[in-house]
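Summary of the model geometry
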Amino acid sequence: MKKKRETGVLVLLFVLLTSFGFSQSRFQAGGYFAMGFPQNEFKENVDNISYGASGYFTYRLPNSPLSAGLSFSFLMYGHESREEPFGSNVPEVWVDVNTTNAMIMGHFLLRLQPPTGRLRPYLDGLFGFKLLTTDTRVRSQEFLDDEAIASSNHIRDTALSFGAGAGVMICAYAAPRCPNRGSSFAVYVDLGTRYLKGGNTEYMIEGSLIRNGDDIIYEVYESTTDIITMHIGVSFSF
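A few points on the structure. It should be emphasised that the depicted structure is a prediction, and the values quoted were computed from it without experimental measurement. Residue indices follow the written sequence of each chain, beginning from 1 at its first position. Since the coordinates come from a predicted model, pLDDT governs what is reported: local features require at least 70, and pairs of side-chain atoms require 80 or more to be given and counted, while whole-chain, interface and lining totals use all residues. Each side-chain value is derived from all of the structure's non-hydrogen atoms; neither hydrogens nor water enter the calculation.

1. Considerations on the pattern of salt bridges
Quick reminder of the rule: Each reported salt bridge corresponds to a side-chain nitrogen of Lys or Arg within 4 Å of a carboxyl oxygen of Asp or Glu. Starting at the N terminus, helices and strands are each numbered in turn, a helix being any DSSP run of H or I of at least four residues and a strand any DSSP run of E of at least two. Relative accessibility under 20% of the residue-type maximum defines a buried residue, over 50% an exposed one, and the middle range a partly exposed one, all with a 1.4 Å probe and only protein chains included.
Here the structure, examined in full by the defined rule, presents five salt bridges. A salt bridge links Arg-211 to Glu-84; its shortest N-O distance comes to 3.2 Å. With Arg-211 in strand S9 (residues 209-212) and Glu-84 in strand S3 (residues 66-87), the pair connects residues that are 127 residues apart, well separated along the chain. The exposure class of Arg-211 is partly exposed, given its relative accessible area of 49%. The salt bridge involving Lys-197 is made with Asp-226; its shortest N-O contact spans 3.1 Å. Of this pair, Lys-197 sits in strand S7 (residues 186-198) while Asp-226 sits in the loop between strand S11 (221-223) and strand S12 (227-237); the two residues are 29 residues apart in sequence, bridging distant segments of the chain. Looking at Asp-226, the relative accessible area reads 2%, which means it is buried.

2. Looking at unusual backbone geometry
The phi angle at Asn-40 is positive, at roughly 55 degrees, despite the residue not being glycine. Along the chain, Asn-40 turns up in helix H2 (residues 40-45). In this model, Asn-63 sits at a positive phi of 55 degrees, which is unusual for a non-glycine residue. Asn-63 gets classed as exposed once you look at its relative accessible area, which sits at 68%.

3. Quick look at the nonpolar core
So the rule is basically this: For this analysis, a nonpolar core means a set of buried residues of the types Ala, Val, Leu, Ile, Met, Phe, Trp, Tyr and Cys, connected via side-chain atoms within 4.5 Å. We call two residues in contact when some of their heavy atoms are within 4.5 Å.
Core analysis: the biggest nonpolar cluster contains 21 residues, and Phe-42, Val-46, Tyr-77, Met-103, Leu-132 and Tyr-203 have the highest contact counts within it. Listed by contribution, the elements that provide at least two residues to this core are strand S1 (27-38), S3, strand S4 (90-112), strand S5 (119-140), strand S6 (148-174) and S7. Sequence-distant contacts of Met-103, defined by excluding residues within four places in its chain, comprise Phe-42, Ser-73, Phe-74, Leu-75, Tyr-77, Lys-130, Leu-131, Leu-132 and Ile-227.

4. Notes on the sheet that holds S5
To keep things clear, this is the line we draw: Any two strands are treated as partners once DSSP identifies two or more bridges connecting them. Angles shown run from 0 to 180 degrees and are taken between the N-to-C directions of axes, each axis being a line fitted to C-alpha atoms and, for helices, limited to the stretch in contact.
Here we have eight strands rolled up into a closed barrel, ordered S1-S2-S3-S4-S5-S6-S7-S12, and antiparallel in their pairing. Sheet twist, expressed as the mean angle between neighbouring strand axes with direction ignored, is 25 degrees. Pairing of S1 with S12, which is carried by 11 bridges, proceeds in the antiparallel orientation. In the sheet register, Gly-30 faces S12, and the bridge partner there is Ser-235.

5. Re the packing of aromatic side chains
Going by this rule: Pairing of aromatic rings covers Phe, Tyr and Trp, the last counted by its six-membered ring, and requires centre-to-centre distances within 6.5 Å; plane angles under 30 degrees mean stacked, over 60 mean edge-to-face, and any other angle means tilted. A ring is considered to have a charge above it if a Lys NZ or an Arg CZ atom is located within 6 Å of its centre and within 35 degrees of its normal.
On inspection of all chains with the given rule, the structure shows nine aromatic pairs. Ring centres of Phe-185 and Phe-236 lie 6.2 Å apart, and the angle between their planes is 25 degrees; this geometry places the pair in the stacked category. Of this pair, Phe-185 sits in the loop between S6 and S7 while Phe-236 sits in strand S12, placing them 51 residues apart in sequence. Residue classification places Phe-236 among the partly exposed positions, given a relative accessible area of 33%. Three or more aromatic residues link up through ring pairs in this structure, and these residues are Phe-27, Phe-57, Tyr-59 and Phe-238. Its guanidinium or amino end placed over the ring of Tyr-56, Arg-111 lies 4.8 Å from that ring's centre, counting from NZ or CZ. Across the ring face of Tyr-122, the terminal group of Arg-111 is positioned such that the distance to the ring centre comes to 3.8 Å.

6. Points about the environment of Val-234
By the secondary structure assignment, Val-234 is in strand S12. In this structure the C-alpha to C-alpha distance between Val-234 and Ile-170, which are 64 residues apart in sequence, comes to 9.5 Å. If near-sequence neighbours (up to four positions away) are discounted, Val-234 is found in contact with Ala-29, Gly-30, Gly-31, Tyr-32, Val-187 and Tyr-188.

7. Some details on the pairing of S3
In this sheet, S3 lies alongside strand S2 (residues 50-60) in antiparallel orientation, the contact comprising 10 bridges. Bridge pairing links Arg-60 to Ser-67 in S3. Taken together, the 20 bridges between S3 and S4 define a ladder with antiparallel strand orientation. Residue pairing across strands places Leu-70 opposite Phe-108, the latter belonging to S4. Where S3 folds back on S4, the antiparallel hairpin that results is connected by two residues.

Next comes the structure, spelled out in structure tokens:
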């Protein structure tokens, strides 16, 4: 009970301290390099770190430290690759066969943050979905040819996702203020982390596609999909 009161006091102080001196900037957008760390049941099946990218866009409510917007992320939590001849009649031409296990996330984002300052910490609340998908693509080995020759999806499933995050934006550049401008532009280095709970989902992992002669055996897992993400990137305020 005492911890809950202390947390409530800290959030209240955060709101009070960020309720003064609002800038004219209304919008914020950014892109990150992201890493994911599976948790709980998900960690029992996926024990490797995932890598990917994420981005977001928010609008700050007038006369408020609260912003609302959208956040999207792509994380690759498994990958397998091999070389194969193009076909039995063309054994001298080889192609790459790539199987990817990926998590795609989309969330509604609420952010509490000081609207001004060179150092701008923030608290995030998120609600949305996770999509886990496993796909195999056949690609040419030509360096300039990135088009897939053929592809197939093996499994795709979604689940509700929600969580919270925290981070800090450090100002790297701020444009001089002009009287005729409706907003001020600034660039920030952005560091943050999120804990995202995920509902029960069916998915595959590395090694789930087992080749047995001309047949394929599919190993499908099912569990919750909790994950901690960490990111570093660039944010823009305008």
